[in-house]
Amino acid sequence: MSEVSARTNIYTEEDYYNLPENVRAELIDGQIYYMTAPSRVHQEIVSFLHLEIGDHLRSKKGPCKVYPAPFAVKLFSEDDRNVVEPDISVICDPNKLTDRGCTGAPDWIVEIISPTTSSHDYIRKLNLYADAGVKEYWIVDPLSKKIFVYYLEQEDFKADAYTFQDKIKVNIYDDLWIDFAELGL
């Protein structure tokens, strides 16, 4: 029996930006992952979070900005093999913002999962975001109505689980709470 070697193409940021405009995809470790159109519930959650976070940031008049997907995030400035499109990105360093999106780790990322992306968000992206220096990562699961909050900047890895009935403190801010009960799902 002969050994067959599988050759996998390694894609770069240039390949990512050369995809057709109507194609949603992410580039992770040199591999392109295509994304399907989000569901109505997914978009409802993104809209809710974008408005809640945006209202808070505007009231503080600070440097932080919130961006909903599609918004390109090149996690590592010297690495052209990782460009993701988180559902929500909060960036507090204006020097990371570019015409194409963000270069460097956002301070806070929120992903809303679907059954087809759950392992991608729970495993692949969790590790990638931790390695990139994201401070806080939330995974929102509409099916189980749970929110998993990962505090990635702490030396001891910490994660908490919440439900859609909970009011959740955003760790990177002293005075921001997201009340998921207001979402009404």
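Everything discussed here concerns the structure shown above.
Residues numbered from 1 in each chain as written. Predicted model: local features only at pLDDT ≥ 70, side-chain atom pairs only at ≥ 80, totals over all residues. Heavy atoms only, no water.

A. The arrangement of unusual backbone geometry in detail. Following A69, the chain continues into P70 via a peptide bond in cis, with omega recorded as 0 degrees. Tracing the backbone through its elements, the reader meets P70 in the loop between β3 (65-68) and β4 (72-74). Unlike most non-glycine residues, D29 shows phi in positive territory, near 50 degrees. In this fold, D29 is placed in the loop between β1 (25-28) and β2 (31-34). A relative accessible area of 41% places D29 in the partly exposed class. Look at K145: it is not a glycine, yet its phi comes out positive at around 55 degrees. Structurally, K145 is set in the loop between β9 (136-141) and β10 (146-151). (Helix = DSSP H or I, 4+ residues; strand = E, 2+ residues; numbered from the N terminus. Buried < 20%, exposed > 50% of the residue type's maximum accessible area, 1.4 Å probe, protein only.)

B. How the structure looks around the sheet that holds strand β8 (residues 108-112). Taking strand neighbours across the sheet as the criterion, the six strands line up as β3-β6-β8-β9-β10-β11 in an open arrangement whose pairing is mixed. Single-partner strands in this sheet number two, and they are β3 and β11 (158-163). In this sheet, adjacent strand axes meet at a mean angle of 15 degrees when their direction is disregarded. Sitting on the sheet, helix α3 (residues 118-132) is in contact with β8, β9 and β10, with an inclination near 165 degrees to β9. (Pairing = 2+ DSSP bridges. Axes fitted to C-alpha atoms, helices over the stretch in contact; angles between N-to-C directions. Contact = heavy atoms within 4.5 Å.)

C. Highlighting the pattern of salt bridges. If you walk through the whole model with that rule in mind, you get 10 salt bridges. Between E85 and R24 there is a salt bridge; the shortest N-O distance is 3.8 Å. Of this pair, E85 sits in the loop between β5 (83-84) and β6 (88-91) while R24 sits in the loop between α1 (13-17) and β1; the two residues are 61 residues apart in sequence, bridging distant segments of the chain. Taking relative accessible area as the criterion, E85 reaches 9% and is therefore assigned buried. With a relative accessible area of 24%, R24 lands in the partly exposed category. For D160, the salt bridge identified is with K158, shortest N-O distance 3.6 Å. Each member of the salt-bridge network shares a partner with another, and the members are E26, E111 and K125. (Salt bridge = Lys/Arg side-chain N within 4 Å of Asp/Glu carboxyl O.)

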